Amino acid sequence: MKPELGVCYYPEHWPEAMWADDAQRMIETGITWVRIGEFAWSRMEPTPGDLHFDWLDRAIEVLGVAGLKVVLGTPTATPPRWMLEKHLDMLAVDANGQPRKFGSRRHYCFSHQGYIKECTRVAQIMGERYGRNPHIAAWQIDNEYGCHDTTVSYSHLAAKAFHHWLENQYGTIDALNEAWGNVFWSMEYDGFDQIEPPNLTVTEPNPAHVLAYRRFSSDQVVAFNKAQVDVLRPLTDVPLLHNYMGRELDFDHFKVGEDLDIATWDSYPIGFLSDRLEADDAQKTTFLQQGDPDMQAFHHDLYRAVGRGRWWVMEQQPGPVNWAPYNPAPLPGMVRLWSLEAVAHGAEVVSYFRWRQAPFAQEQMHAGLLTPNNRPAPGLAEARGTADTLAGMGTVTQVQAQVAILFDYASDWAWTAQPQGAGFSYFRLVFSAYRALRRAGLSVDFLSSSNFPTQGYKVILAPGLATLDSELEQRLSGACDLCVLGPRSGAITHDFQIPKAGRPGLSRLDCDVDLVETLPPNVHRGVIGGGAAQHWIDRLSGTGPDLLSFEDEAPALKGDGGLWYLAGFPDEALWDRVITMTAHQVGLSLHQMPEGLRRRETENHTFLINYNADPVIWNGHQIGACGVTIVKKDAPEER
Amino acid sequence: MKPELGVCYYPEHWPEAMWADDAQRMIETGITWVRIGEFAWSRMEPTPGDLHFDWLDRAIEVLGVAGLKVVLGTPTATPPRWMLEKHLDMLAVDANGQPRKFGSRRHYCFSHQGYIKECTRVAQIMGERYGRNPHIAAWQIDNEYGCHDTTVSYSHLAAKAFHHWLENQYGTIDALNEAWGNVFWSMEYDGFDQIEPPNLTVTEPNPAHVLAYRRFSSDQVVAFNKAQVDVLRPLTDVPLLHNYMGRELDFDHFKVGEDLDIATWDSYPIGFLSDRLEADDAQKTTFLQQGDPDMQAFHHDLYRAVGRGRWWVMEQQPGPVNWAPYNPAPLPGMVRLWSLEAVAHGAEVVSYFRWRQAPFAQEQMHAGLLTPNNRPAPGLAEARGTADTLAGMGTVTQVQAQVAILFDYASDWAWTAQPQGAGFSYFRLVFSAYRALRRAGLSVDFLSSSNFPTQGYKVILAPGLATLDSELEQRLSGACDLCVLGPRSGAITHDFQIPKAGRPGLSRLDCDVDLVETLPPNVHRGVIGGGAAQHWIDRLSGTGPDLLSFEDEAPALKGDGGLWYLAGFPDEALWDRVITMTAHQVGLSLHQMPEGLRRRETENHTFLINYNADPVIWNGHQIGACGVTIVKKDAPEER
Amino acid sequence: MKPELGVCYYPEHWPEAMWADDAQRMIETGITWVRIGEFAWSRMEPTPGDLHFDWLDRAIEVLGVAGLKVVLGTPTATPPRWMLEKHLDMLAVDANGQPRKFGSRRHYCFSHQGYIKECTRVAQIMGERYGRNPHIAAWQIDNEYGCHDTTVSYSHLAAKAFHHWLENQYGTIDALNEAWGNVFWSMEYDGFDQIEPPNLTVTEPNPAHVLAYRRFSSDQVVAFNKAQVDVLRPLTDVPLLHNYMGRELDFDHFKVGEDLDIATWDSYPIGFLSDRLEADDAQKTTFLQQGDPDMQAFHHDLYRAVGRGRWWVMEQQPGPVNWAPYNPAPLPGMVRLWSLEAVAHGAEVVSYFRWRQAPFAQEQMHAGLLTPNNRPAPGLAEARGTADTLAGMGTVTQVQAQVAILFDYASDWAWTAQPQGAGFSYFRLVFSAYRALRRAGLSVDFLSSSNFPTQGYKVILAPGLATLDSELEQRLSGACDLCVLGPRSGAITHDFQIPKAGRPGLSRLDCDVDLVETLPPNVHRGVIGGGAAQHWIDRLSGTGPDLLSFEDEAPALKGDGGLWYLAGFPDEALWDRVITMTAHQVGLSLHQMPEGLRRRETENHTFLINYNADPVIWNGHQIGACGVTIVKKDAPEER
Ligand SMILES: [Zn+2]
Ligand SMILES: [Zn+2]
Ligand SMILES: [Zn+2]
């Protein structure tokens, strides 16, 4: 596969007279893809039923004729104001019971059937008009599901849909009461229609109730997306895709992804570091203008899994953004670095957001490749530079990694419902594992629990995996030489109960979680020989051998042959020890990486990616500040 | 009195086949009391009027026959879901005006008369059925009043009840306007029904309004409780009790306690340290797995007063809990230590919560004496060890202490309504005094302002006591050799005005508060000779002698004979000086205690209680890590 | 002008028998003005239409006969409770959609026409009764507009008024859609009545929408005030005024001020330092009992501009207050210092709040000149001392300063709507400039963008001035020798778009903002030669000369002749450099002031004001701790 570049463009924001020049400059920049249309409903249909697609016809034509492949978005993330007159109750409702009003975007409740019909109607119209248009090379459905905390709605319509969903899940109310343990605190229901969304309760609601509502809410997103897929499929032969948002965990991306052909995500490295990472101040300062060295790769690898191998960056940060607490500019080289890093992880397309900075509305301070008055912004030259590099490097082919991490959205919902300790977060735990693998120079695959290769991995990690039945245990064992579970793996059933067989309830390892402890951030439990656990401790018993022990001699890691269980949330030193131990057991070769330097192998290349503001020499290679060194596999990489 | 052990048990959570074995194991553990029933309404009455007490009959029988005394709870803290269909408006309303929904517990408004009738109905049914049952040895009414911030409701029904309450208090609206000073800001009312709950006002409401609402809300709890007492009294001869929650100050426990026979409280030392103490990080880390060394004793002494000598720990933490920000496990020995400490302070029964950890719902991560799969948890052996110790020590008899603290719930409401400084808290102030007395090795009694012994104390402290009339001043003087007031004692009238006679308005000491200052936490006002005041400064004048002075020569402590007034919120060093000075004046013998070691005297024993993770040697006694040394009074305690 | 003293008095709070004595003591204290009436509506009109002015007649008579000039307040900040029965929907609505209830003050929505009619009715009645009363020497309208966050209301009536306001502004909905860039995210409206207040949107609303709502809300305050002005003007010949609150920026004080004769403000130095300044802990500790050394002067200078030369302090803090997080007492001397500082800046009257501390309601802990039981509080002697000083110093005459700062309320609204960086605040930026000028010993004028002298300044600073058209650029250039803009000056159009001509779009300097960066507080961008920028960076290009450069050689200050543009938010060192550079260019003589010492020149005096708790010697003058040294101009001030 030969990676390409793209850009997000809003013809409706600019005079038509500029379009042709814009298209020409995109081509000159080395861009071959352009995404349009995803927020333009009010221009496609200014009043109900009054369709205005002529401008879009011409925009597609101008772009296509210039040589650009068009990704056309359905505009369903931005219903026009008139939609609310037709569907008075279409707004989502927040956890405080307030409707989330018009005036920005994503102002709809996923459970509003009337709005879903409007969405399929507009998708049908667009599909009929453009489904066979030769310039349309892909479709994007909606935009950034879940962004702005929009997956979960507490509306009356959501409550009603929840009743049906529960009835489908449980059949009878007695079954639900039993599954949730509603005998506790006399929470038993007499019928499904008594069950409200789990907000505004006096104290914490039943975590089984919360988890069910999170599952339901995720399913509503899947259904919403599928409704448009079903309309578009017969009308077009090109791929359907969606653009997911970084660290957005409120719905199951794997399930949405199953209905689509390509997964894409929106990568804002500097915004994410400022806005949604637990990194300490030192880390945030060091990488202030580069972004976290593992955050992008994590998502690249995750969406490669969501897209079953096919994935893009749909929106690549090209300069300072507007929405993070602090919005510094990328250091010179970073836009190219981010782009090439995506390519290293298998992106088919890296598409910049956006072509020209808008001079108005919410994102007027969000940089584009051009300034609002149409001059080149710093990102433009880096995009051109990226195109040059890509032109010189031939195809990039992904290979199955030796190690993988099982990633499970429902585990995040479960542990958010009941963190048990204020420092515990599923994402944080998995990310710490991912970081450790990357510090060891490894390439990593992500797996969904419902669907992964039946063999081929040396190691699979499944930290924090909430639910683990014997079928999954068996599949995991088959897929790898060594499976590392814990902490908090197999800790609950599907209905948020402690499993009758105990936690983690493994058939291949005698290991029981007798007790759980959570710790404040300043308290660490040291492990004999180095490293420590923090945040979370599973106190283990059982006959499985102790591979590591805490200083009080409690087991820190138990394991037998191909199955290990980690008894705490490891700090960096402990993760490094565990990774080294796995490497010894299964024969992985590790490459200890300096801070900020990362490594990614494809079939023919090794990418060395330097997030540091200074050059690094590693293994005989000099990698410039904010630079990428691409080593051909036939060349000697490591000495 | 010979202390006993108990446990909280939920037969409705487990197969009936397990009950007999459970009862047997309880007995083997040395447990003689079992509390049941308090959350089981949905099993007693699955649909309105459809009573199912057969299972409870059998549970009581099984437990009783095994030799256990049963505490039976009325299930009114957990109205079943069908109750809401009958009483649409029974939910409490939060300060933002939102109903507090079904889905956990305590989902009722204390002002809903319909719900109160349901509660007396179920109490009547239970009383008639079990009031003379020989196995029923006590009744618990409801559960943890006030927990989850449930005392104060802003519902329309509460507002209506408030009108009547005000009319009873003030007679005429003019009297109320005068009492509250409503001429200020034209807040005068034309009638009682215009007075809304004091939430959602533009800026702070009149503190007199807030204090009245807090008094009213407390009275609603008293009335709610009394309604069930009145039903049960004629139907049974065994004691009635309630289980209060730690640092729960929103209603007057003394007043609820007056209608009951025994006060019990729920003691979660580790959760409380994490969750509701102002301790600094160092203190929180040192005692992370033990709990604060004074917090439990404080409540033991307080509830001994609430129960007029009769009190229990109804729920004793047996391992990690689920509800604090961080939930570590108790160090080995702590469960026994907590139990014996309670005994030292006079507990008749220490009852563990709970027998077996539930595998479902909100508290599935709350340890029991047994694990969810029925294996011994660490607490079980410590309970057994406690039973052994108790068996060996004979009766424990309380004696009146030499020093006492006057504790006044309304003072907390007043100072919460108008803290004046962000660092001021009534509980924090009183707790600092209590700590100081305990650092000096003293046993302490608590007093309610309305009811205390007319003599016998050497010292009574009444810091922060909001209202002090001459009758109370006189009673205090009579009851002790030396009464220490201040800071902020006698600062307002019952209706939250500055007293016309000035603050504190003492008849026996010429001492006036001319000015009040509040200070940020990093600012201390040094006292000549050592120690400092923080948070709060009363600037004093008057002819009463200065016993201590601030560095600017303003009085820090004024006093004459039997009455002293402290001019600031003392830090530890200043408290220690003041306690030493009182000891010199009235002839108290002090025992300076090392950090974490505490001492409690009963008639025949001195208990030395070591909260430290290391052994301590004190006065020739070795007290093990997390251990208790009990010295017989005929043995030499202090050399 | 000979400055005088005043006091705020509430005859309705005290027995009539005390009034004459109070008046006598005021006169003895050297007080000549007394403000009354502004919260007394419930006593003027206890029930609708039932007027009771007899007590007020007598109070005015007693005060006037004693020799006091009376400021009479309209009581419209405190509508009585019965008003709500007449006007059910008069309450403002908060951003969460909740009505802001009765029970304190300012409980009205500025858009409620019915309430405005009540206000003009009461003003009419009062004007007719007292307009020609010889004791009434000024009128205050309402009290502290905007205080307690009351300018912006989200009520239905506000929404309706907003529609009309928008229609007036934009004429057609298409014009509005175009002006706001509503094509973005399909936010286009079909009619004005679809436009809701910008609260509760899913994610951030369009900043143009927010800015319009803020402008509208400010205009509602102006109209509210003007309605009473229009009633009173024909009925009286004495000045009309309003008392503004410190750091209250939610409406345009200049516009309200245009309809009035005198601007007054309420000065609470210690409360403000605790409550509304970004000062660090060290600064807050150093000046804990004095207040920030620049905060009062800033407001004095600002309100001198708002009052077009005529201004007072209407409420001067006389001791500890009740409303800040921490409320320490002023150090001895501070009440006099604050008073004389106000005089130095041109106050006609300094009026203490309040005469005697109230013993009831919300402000019972707010000190007065007398204690609640009528004894002298510390402030009384200082007021008397101030009167003595004033008596000895003759007239005080203001002169136009050499430097000025342009202050623009709409810029605060704009940058609050879209801060872009969490550390950016318009007030903070302007205040940092003001501090720097004062550190350099300069006297400062404030200017409103719509109205300032056409010449006479050496330097005008306009940092953060959101909108800068060529007309304003020209006027600024005419008015001074050197105008210093930036950072973030000229950054948006009136409708919150990036100007088509670019930012800042100057005609006299070739300087473009290509890119904007915002930085976390711990990150500084050093400037070659010293100093740094923080929070905000404008990355500049253009042919205008670089006067200062960042360490990466990007321009830090560009300028040419009379126009400079600063590329970042300066830290103290950078501000000092810039002020020094301006002084060199235009010939200003600077006086570097020690910490806490400030200097103010009038026609005949130089005031040296020492906020430090220790004496300072400066330029041969000894200024006592918390003292003021007043140097006659004919005496040698600086050697
Ligand atoms: Zn049309
Ligand atoms: Zn039945
Ligand atoms: Zn009347």
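Treat the numbers as computed from the prediction; the structure is a model and nothing was measured.

Novice: Would you take a moment to explain the overall build of chain A for this structure?
Specialist: Along the backbone of chain A there are 18 helices and 24 strands. Here the C-alpha radius of gyration of chain A, 25 Å, is about what a compact globule of 639 residues would show, namely 26 Å. With the principal axes as the frame, chain A shows a C-alpha extent of 75 × 70 × 40 Å. By residue count, 70% of the 639 residues in chain A fall in the buried class. Carbon and sulfur atoms make up 51% of the accessible area of chain A, which totals about 19,400 Å². Across chain A, the 53 positively charged side chains and the 79 negatively charged ones have centroids separated by 4 Å.

Novice: Before we go on, may I ask you to explain the interface of chain A and chain B in this structure?
Specialist: How big an interface is tends to be stated in terms of accessible area lost as the parts join. Taken together, the contact pairs 51 residues of chain A with 54 residues of chain B. Carbon and sulfur atoms make up 53% of the surface buried where chain A meets chain B, a total of about 4,400 Å² over both sides. Summed over the three residues of chain A that lose the most area to chain B, namely Phe184, Trp185 and Val202 of chain A, the buried surface amounts to 18% of that side. Along the contact surface separating chain A from chain B lie four salt bridges. Arg375 of chain B is the partner of Asp514 of chain A in a salt bridge, and the nearest nitrogen-oxygen pair spans 2.5 Å. Between the two partners, chain A and chain B, sit 28 residue pairs in polar contact (both at pLDDT 80 or more). Where the side of chain A that touches chain B is concerned, the elements lending two or more residues are strand E13 (512–518) and strand E15 (532–541) of chain A. The leading source of residues in the side of chain A that touches chain B is E13 of chain A, at six residues. Classifying every residue of the side of chain A that touches chain B by side-chain character gives 22 nonpolar, 18 polar and 11 charged.

Novice: It is not clear to me how the relation of the copies chain A and chain C should be interpreted in this structure. Could you clarify?
Specialist: Copy one and copy two of the chain differ by a rotation about an axis and a translation along that axis. Superposing chain A onto chain C requires a rotation of 120° together with a translation of 0.0 Å along the rotation axis, leaving an RMSD of 0.0 Å. Such values leave the two copies arranged in the relation of a three-fold axis. In terms of C-alpha distance to the rotation axis, chain A has Asn96 of chain A as its closest residue, with the C-alpha 5.4 Å off the axis.

Novice: Can you help me understand the domain arrangement of chain A in this one?
Specialist: Residues and elements named next belong to chain A. According to the domain assignment, chain A consists of domain 1 (4–151 + 218–392), domain 2 (159–207), domain 3 (403–586) and domain 4 (597–632). Computed from C-alpha coordinates alone, the two centres of domain 2 and domain 3 are separated by 31 Å. Taken residue by residue, the interface counts eight residues in domain 2 and six residues in domain 3. Each partner contributes to the roughly 490 Å² buried at the junction of domain 2 and domain 3, and carbon and sulfur atoms together form 43% of this total. Linking domain 2 with domain 3 are zero salt bridges. For the pair domain 2 and domain 3, the interface holds three residue pairs in polar contact (both at pLDDT 80 or more). At the level of elements, helix H6 (156–170) and helix H7 (173–180) are the ones that each hand at least two residues to the side of domain 2 that touches domain 3.

Novice: Whenever I open this one, the side chain of Glu144 of chain C confuses me. Can you help?
Specialist: All names here are of chain C. Within the fold, Glu144 resides in the loop between strand E4 (136–140) and helix H6 (156–170). Given the relative accessible area of 3%, Glu144 is considered buried. Other than its neighbours up to four places away in sequence, Glu144 contacts Arg105, Arg106, His242, Asn243, Met245, Asp266 and Glu315.

Novice: It is not clear to me how the sheet that holds strand E8 (residues 349–352) of chain B should be interpreted in this structure. Could you clarify?
Specialist: In a beta sheet, neighbouring strands are held together by backbone hydrogen bonds and run either parallel or antiparallel to one another. Residue and element names in this part refer to chain B. The sheet built from eight strands closes into a barrel, its strands ordered E1-E2-E3-E4-E5-E6-E7-E8 with parallel pairing. With strand direction ignored, the average angle separating the axes of adjacent strands in the sheet is 30°. Pairing analysis gives five bridges linking strand E6 (residues 262–267) to strand E7 (residues 311–316), with the strands arranged parallel. The partner of Thr264 across the bridge, within E7, is Trp312.

Novice: Looking at this structure, how should I read the interface of chain A and chain C?
Specialist: Residue-level contacts link 53 residues of chain A with 51 residues of chain C. Interface area for chain A against chain C, summed over the two sides, is near 4,400 Å², with a carbon-plus-sulfur share of 53%. Linking chain A to chain C there are three salt bridges. The shortest N-O distance in the salt bridge between Glu196 of chain C and Lys101 of chain A comes to 3.9 Å. Mapped onto the side of chain A that touches chain C, the elements with two or more residues apiece are helix H2 (41–44) and helix H4 (81–86) of chain A. Among the residues making up the side of chain A that touches chain C, the classes are represented as 24 nonpolar, 18 polar and 11 charged.

Novice: Explanation requested: the pattern of salt bridges in the structure shown.
Specialist: Side-chain pairs of opposite charge can arise whenever the charged atoms involved come near each other. Applying the stated criterion across every chain, the model contains 125 salt bridges over all chains. Residue Arg247 of chain B is joined to Glu278 of chain B by a salt bridge in which the shortest nitrogen-to-oxygen separation is 2.9 Å. Taken together, the positions of Arg247 of chain B in the loop between strand E5 (240–245) and helix H9 (253–258) and Glu278 of chain B in the loop between helix H10 (269–275) and helix H11 (281–286) put the pair 31 residues apart, joining distant regions of the chain. Accessibility expressed as a relative area gives 34% for Glu278 of chain B, which makes it partly exposed. Ionic pairing is found between Arg439 of chain C and Asp576 of chain C, a salt bridge with its closest N-O pair at 3.0 Å. A residue pair is termed long-range when its members are at least 10 positions apart, and Arg439 of chain C in helix H16 (residues 426–439) and Asp576 of chain C in helix H18 (residues 572–586) qualify at 137 residues. Asp576 of chain C sits in the partly exposed class, given a relative accessible area of 24%. Several salt bridges converge on common partners, so that one network encompasses Asp292, Asp294, Glu341, Arg435, Arg438 and Arg598 of chain A.

So, how was this worked out
- Residues numbered from 1 in each chain as written.
- Chains lettered and ligands numbered in written order.
- Predicted model: local features only at pLDDT ≥ 70, side-chain atom pairs only at ≥ 80, totals over all residues.
- Heavy atoms only, no water.
- Helix = DSSP H or I, 4+ residues; strand = E, 2+ residues; numbered from the N terminus.
- Rg over C-alpha atoms; globule rule 2.2 N^0.38 Å.
- Buried < 20%, exposed > 50% of the residue type's maximum accessible area, 1.4 Å probe, protein only.
- Areas by Shrake-Rupley, 256 points an atom, 1.4 Å probe, with all protein chains shown as cover.
- Lys, Arg positive; Asp, Glu negative; His and termini not counted.
- Charge placed at Lys NZ, Arg CZ, Asp CG, Glu CD.
- Contact = heavy atoms within 4.5 Å.
- Buried area = accessible area lost by both parts, 1.4 Å probe.
- Salt bridge = Lys/Arg side-chain N within 4 Å of Asp/Glu carboxyl O.
- Polar contact = N/O pair within 3.5 Å; in protein donor to acceptor, adjacent residues only side chain to side chain.
- Nonpolar A, V, L, I, M, F, W, Y, C, P; charged D, E, K, R; others polar.
- Least-squares fit on C-alpha atoms with pLDDT ≥ 70 in both.
- Domains from an automatic or database assignment.
- Pairing = 2+ DSSP bridges.
- Axes fitted to C-alpha atoms, helices over the stretch in contact; angles between N-to-C directions.

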